[in-house]
Amino acid sequence: MKRAVYAGSFDPVTNGHLWMIREAVELFDELIVAIGVNPEKRCTFSVDERAEMLRAVTRGFNKLRVEVFENQFLVNYAQKIGANYIVRGIRTASDYEYERTMRYINSDLHPDITTVFLLPPREYAEVSSTMVKGLVGPRGWEQVIRQYVPEPVYRKLVAMYPDSLV
């Protein structure tokens, strides 16, 4: 069985993440979308809210489950859940440099786990959770971010910042 893990903070999940998930579901027998909890990172949404949003946008995928992991290397988590593959997205040259280094470190730790890189199409290459959160606030932000996040995430963001509606 080809089991893969696609991990991130998903704070919040974007259309770029959703593209990665759609691609990975087609490539593997099972996909675990894993929310990594980093206590050093200040998140906008709680881990429960992030899991809820991920489950809402992936509801139609039957070969997928959403999990949470913390305080461990991704490759160790992958090994623990029996994943043979780690799926990572490459949007920029700096992503590539970082992910290439991590791939080699992961291989040192668990040579039996393969890292698979996916390059999103142009319309998602610049989309990140940080970018989306940075767009919230100025007049008209709701229409701007609508194109970058799935509908359940959009509704959650609008509900979080109701005073900014014009």
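Conventions adopted
Residues numbered from 1 in each chain as written. Predicted model: local features only at pLDDT ≥ 70, side-chain atom pairs only at ≥ 80, totals over all residues. Heavy atoms only, no water. Patch = residues over 30% accessible without salt bridge, like charges linked within 9 Å, V, L, I, M, F, W, Y side chains within 5 Å. Areas by Shrake-Rupley, 256 points an atom, 1.4 Å probe, with all protein chains shown as cover. Salt bridge = Lys/Arg side-chain N within 4 Å of Asp/Glu carboxyl O. Helix = DSSP H or I, 4+ residues; strand = E, 2+ residues; numbered from the N terminus. Buried < 20%, exposed > 50% of the residue type's maximum accessible area, 1.4 Å probe, protein only. Pairing = 2+ DSSP bridges. Right-handed = clockwise from strand over helix to strand, strands pointing away. Core = buried A, V, L, I, M, F, W, Y, C linked by side-chain atoms within 4.5 Å. Axes fitted to C-alpha atoms, helices over the stretch in contact; angles between N-to-C directions. UniProt positions renumbered as here; feature names shortened; annotations may be inferred. Contact = heavy atoms within 4.5 Å.

(A) The arrangement of a nonpolar patch on the surface in detail. A contiguous nonpolar surface patch, about 290 Å² in accessible area, is contributed by Phe73, Ile105 and Leu109. Structurally, Leu109 is set in helix α4 (residues 93–109).

(B) Layout of the pairing of strand β2 (residues 30–37). Counting buried positions along β2 gives 7 out of 8 residues, so the element sits mostly inside the fold. By the bridge criterion, 6 bridges tie strand β1 (residues 3–8) to β2 in an arrangement that is parallel. Across the sheet, residue Ala4 finds its bridge partner in β2, namely Leu31. Since β1 and β2 lie parallel, the crossover through helix α1 (residues 15–27) that links them has a hand, and here it is right-handed.

(C) Seen up close, the nonpolar core. By size, the foremost hydrophobic cluster in this structure holds 33 residues, and its most contacted members are Ile21, Leu31, Val33, Leu54 and Val87. Within the residue set of this core, elements represented by two or more residues are β1, α1, β2, α2 (47–57), β3 (64–70), α7 (141–146) and α8 (151–160). If you tally residues by element for this core, the top one is α1, at 6 residues.

(D) Highlighting the sheet that holds strand β4 (residues 85–89). The sheet built from 5 strands is open, its strands ordered β3-β2-β1-β4-β5 with parallel pairing. Unpaired on one side and paired on the other, β3 and β5 (114–118) mark the two borders of the sheet. If you compare each strand with its neighbour and ignore which way they point, the axes differ by 30 degrees on average. In this structure, β1 lies alongside β4, joined through 3 bridges in parallel fashion. For Tyr6, the partnering residue across the bridge sits in β4 and is Val87.

(E) View of the environment of Glu123. If you trace the backbone, Glu123 turns up in helix α5 (residues 122–125). For Glu123, a relative accessible area of 53% translates into the label exposed. Linking Glu123 and Pro111, residues 12 residues apart in sequence, is a C-alpha distance of 34 Å.

(F) Quick peek at the UniProt feature "site: Transition state stabilizer" (unreviewed entry) in the protein. When the UniProt feature table is mapped onto this chain numbering, "site: Transition state stabilizer" (unreviewed entry) sits at His17. Mapped onto the fold, His17 is located in helix α1. Using a relative accessible area of 15% as the deciding quantity, one classes His17 as buried. Beyond its immediate chain neighbours, meaning those up to four positions away, His17 contacts Tyr6, Phe10, Pro12 and Ser129.

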